[in-house]
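# Remarks on the overall topology
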Amino acid sequence: MKTYLVTGGAGFIGSNYIHYMFRKYGDSIRIINVDVLTYAGNLENLRDVENRENYMFIRADITDKEAIQKIFAEHEIDRVVHFAAESHVDRSIKNPEVFVKTNVLGTAVMLNCAKAAWEQPDGTFAEGKRFLHVSTDEVYGSLEEEGTYFYETTPYAPHSPYSASKASSDMLVKSYIDTYHFPANITNCSNNYGPYQFPEKLIPLIINNALQGKTLPVYGDGKNVRDWLYVDDHAKGIDMVMEKGRLGETYNIGGHNEKQNIEIVTIIIDTLLEMLPKSDPRRELVSRDLITYVEDRKGHDRRYAIAPDKIRAEIGWEPETMFAEGIRKTIQWFFEHEEWMKNVTSGDYQKYYEDMYQNR
Ligand code: NAD
Ligand code: TYD
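Residues numbered from 1 in each chain as written. Chains lettered and ligands numbered in written order. Predicted model: local features only at pLDDT ≥ 70, side-chain atom pairs only at ≥ 80, totals over all residues. Heavy atoms only, no water.

Counted as a void, the second largest pocket has a volume near 440 Å³. In terms of lining residues, the second largest pocket is bounded by 19 residues, among which Tyr-39, Arg-91, Asp-348, Tyr-349 and Tyr-352 are the most central. Secondary-structure elements contributing two or more residues to the lining of the second largest pocket are helix 3 (89–94), helix 4 (97–118), helix 11 (338–345) and helix 12 (348–357). The dominant element in the lining of the second largest pocket, judged by the number of residues it contributes, is helix 12, at 6 residues. Looking at the lining of the second largest pocket, its residues break down into 8 nonpolar, 5 polar and 6 charged. (1 Å grid on protein atoms, 1.4 Å probe; cavity = no way out; pocket = protein on both sides within 12 Å on 5 of 7 lines; lining within 4 Å. Points joined across faces, edges and corners; volume = space filled by probe spheres on them. Helix = DSSP H or I, 4+ residues; strand = E, 2+ residues; numbered from the N terminus. Nonpolar A, V, L, I, M, F, W, Y, C, P; charged D, E, K, R; others polar.)

Structural data, given as structure tokens:
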């Protein structure tokens, strides 16, 4: 039975990945979820797996070398899937230091502890040990022209403190591959959406605000483009790279689903109006009149778009969920999890929202 150490498993993508893996492999794998539970980490995301015998949660900080060493010493880890990170661009613009600490130092600690645990006396690594570093397409910078895409060979050109810290962490992984032949892969994925996404990111923020009749803040001219992928398709891609990827390789994951932000906002409004029953009082609140153009994000990347040619050709990965279906599933999930949204938006979230949007 393979044991997976998943970092950041209480966050958005990590928790969806853990659900995906248990749906796919049942009792034939073991998952240890290591998460320090920042504002973005939420054990409610894992309620339905927490009692499984093949699941364990350990609260630890990935920058705490001793804590991570102890986990490797106490458990025979076969695979590391490294999600833990500070992940929000706007927060990185206000407070870059924690991004460097978690994303760069944290990745260095994870790499070093895995290497120390897995390296054999002759400097090689035992068959079956693998480290998958989960990264973002934002490391490639910004595309201006339509019809151009990010490939694995695109030079890194990060702009935000978030993407600079992720680029640095990718470089560290690459250095371990080149220097030690460390058995790792990197995946660079486009923007994800789906259940359990924290409402600081565009899609859940717009759903949550619209249902309360609050303004829908659109940065700049609303024409920035992101390439959206349903989170289960990302989880499937990570698993397929772990199983079939060539060691040392990078794979871009994205579904050719480019949309301007303003299109996303109007699709959400239209879909909410389609899905809300006539008797639901929230129908009265949801309207395009809520759209409010606000001050642009500093250094706002114009367009991201992934060419998933390599992962498709080498591994056979394809996205399964078209946007029209994925956004309905996401909205349905938020309808069914009002308590979840209430819990994550009480307390600190209010203060965050006031600080982030006061001048917008
Ligand atoms: P998230 O912010 O929802 O979750 C991050 C998780 O990491 C949280 O559970 C948090 O508690 C944990 N964490 C943070 N600092 C930690 C630390 N020092 N020690 C241990 N745990 C810590 O993020 P997400 O959106 O799920 O993203 C997960 C990963 O995927 C990140 O590495 C991100 O860069 C990458 N990624 C995200 C997207 C996206 O659209 N969200 C796209 C591509 C890649
Ligand atoms: P976000 O979800 O923060 O992801 P990222 O910055 O990592 O791509 O933002 C997606 C896009 O939506 C980005 O172009 C910024 C824009 N945006 C808004 O227009 N309004 C908002 O309130 C937020 C959070 C984002």
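On we go.
What follows deals with the sheet that holds strand 11 (residues 250–253). An order of 3-2-1-4-5-6-11 is seen for the 7 strands of this open sheet, with the pairing classed as parallel. A strand with exactly one partner marks an edge of an open sheet, and here the two such strands are strand 3 (55–59) and strand 11. Within this sheet the neighbouring strands show an average axis-to-axis angle of 20°, counted without direction. One ladder, built from 5 bridges, connects strand 2 (residues 29–35) with strand 3; its direction is parallel. (Pairing = 2+ DSSP bridges. Axes fitted to C-alpha atoms, helices over the stretch in contact; angles between N-to-C directions.)

The biggest cluster of nonpolar side chains holds 42 residues, and the ones touching the most others in it are Ile-203, Leu-216, Ile-268 and Leu-272. When residues of this core are traced back to their parent elements, those giving at least two are helix 6 (202–211), strand 8 (216–219), helix 8 (261–275), strand 13 (291–294), helix 10 (323–336), helix 11 and helix 12. The element best represented in this core is helix 8, accounting for 7 residues. The contact partners of Ile-268, leaving out residues within four places of it in the chain, are Ile-203, Ile-206, Ile-207, Ile-327 and Ile-331. Counting 29 residues, the second-largest nonpolar core is a separate cluster that includes Ala-10, Phe-22, Ile-311 and Trp-317. (Core = buried A, V, L, I, M, F, W, Y, C linked by side-chain atoms within 4.5 Å. Buried < 20%, exposed > 50% of the residue type's maximum accessible area, 1.4 Å probe, protein only. Contact = heavy atoms within 4.5 Å.)

We now examine the environment of Glu-318. With respect to the element layout, Glu-318 can be found in the loop between helix 9 (309–315) and helix 10. For Glu-318 and Ala-305, which are 13 residues apart along the polypeptide, the C-alpha to C-alpha distance reads 16 Å. In this structure Glu-318 touches Lys-236 and Arg-312, once residues within four positions along its chain are discounted. In terms of polar contacts, Glu-318 uses its side chain to reach the side chain of Arg-312, at 3.4 Å. (Polar contact = N/O pair within 3.5 Å; in protein donor to acceptor, adjacent residues only side chain to side chain.)

Our focus in this paragraph is the site of ligand 2. In the vicinity of ligand 2, 18 residues are found, and the nearest of them are Glu-138, Arg-226, Arg-297, His-300 and Tyr-357. Leu-202 has a polar backbone atom sitting 2.9 Å from an oxygen atom of ligand 2. Interatomic distance of 2.7 Å between a side-chain N/O atom of His-300 and an oxygen atom of ligand 2. Considering ligand 2 on its own, with 510 Å² of exposed area, one finds that the protein chains cover 98% of that surface. Every element with two or more residues in the shell around ligand 2 is listed here: helix 6 and strand 8. The element best represented in the shell around ligand 2 is strand 8, accounting for 3 residues. (Near = heavy atom within 4 Å. Areas by Shrake-Rupley, 256 points an atom, 1.4 Å probe, with all protein chains shown as cover.)

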